[in-house]
Amino acid sequence: MRFLPRRRAAAAFPPPAPVPLHTPGTELPPGAVPLAAAVHISRQALARHGGANIHSRTAMLYAAVDLEHALRTLVTALDAEEGRTP
């Protein structure tokens, strides 16, 4: 006859400390990322599309969309750092 293994007692963890959903004055506005991340995104986009073929509509479309996104991210991060709201 096979014996079933005994179940271990569930570990009792303390309840997590409550965290507020919103802390005014310390959070970035919606859509903003830290400035260092925005600069990194912009540099990556420039490196990715620096050698794009200007005679290719598809390459230019991808470059334009990616670079616009990087520019908007950078401007939003700069505005958030300076305390301006869009």
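Overview of the structure. Because the structure is a prediction, the values reported are computed rather than measured. (Residues numbered from 1 in each chain as written. Predicted model: local features only at pLDDT ≥ 70, side-chain atom pairs only at ≥ 80, totals over all residues. Heavy atoms only, no water.)

### What about the pattern of salt bridges?
Okay, so step 1: Tallied over the entire structure, the rule returns two salt bridges.
Okay, so step 2: A salt bridge links Asp66 to Arg48; its shortest N-O distance comes to 2.8 Å. Taken together, the residues Asp66 in helix α2 (residues 57–82) and Arg48 in helix α1 (residues 35–49) connect sequence positions 18 residues apart.
Okay, so step 3: Across the pair Arg72 and Glu68 runs a salt bridge, and its minimum N-O distance is 3.0 Å. Of this pair, Arg72 and Glu68 both sit in helix α2, four residues apart, roughly one helical turn.
Okay, so step 4: The class of Glu68 is partly exposed, set by a relative accessible area of 41%. (Salt bridge = Lys/Arg side-chain N within 4 Å of Asp/Glu carboxyl O. Helix = DSSP H or I, 4+ residues; strand = E, 2+ residues; numbered from the N terminus. Buried < 20%, exposed > 50% of the residue type's maximum accessible area, 1.4 Å probe, protein only.)

### Focus on the packing of α1 against α2
Okay, so step 1: The geometry of α1 relative to α2 is characterised by a closest axis approach of 9 Å and an angle of 160 degrees between their N-to-C directions. It follows that α1 is roughly antiparallel to α2 by the angle criterion. Considering only the axes of α1 and α2, their crossing is left-handed. The residues of α2 that touch α1, namely those facing Leu35, Ala38, Val39, Ile41, Ser42, Ala45, Leu46, Arg48 and His49, are Tyr62, Ala63, Asp66, Leu67, Ala70, Thr73, Leu74, Ala77, Leu78 and Glu81. (Axes fitted to C-alpha atoms, helices over the stretch in contact; angles between N-to-C directions. Parallel < 35°, antiparallel > 145°, perpendicular 65-115°, else oblique. Left-handed = near helix turned anticlockwise from the far one by under 90°. Contact = heavy atoms within 4.5 Å.)

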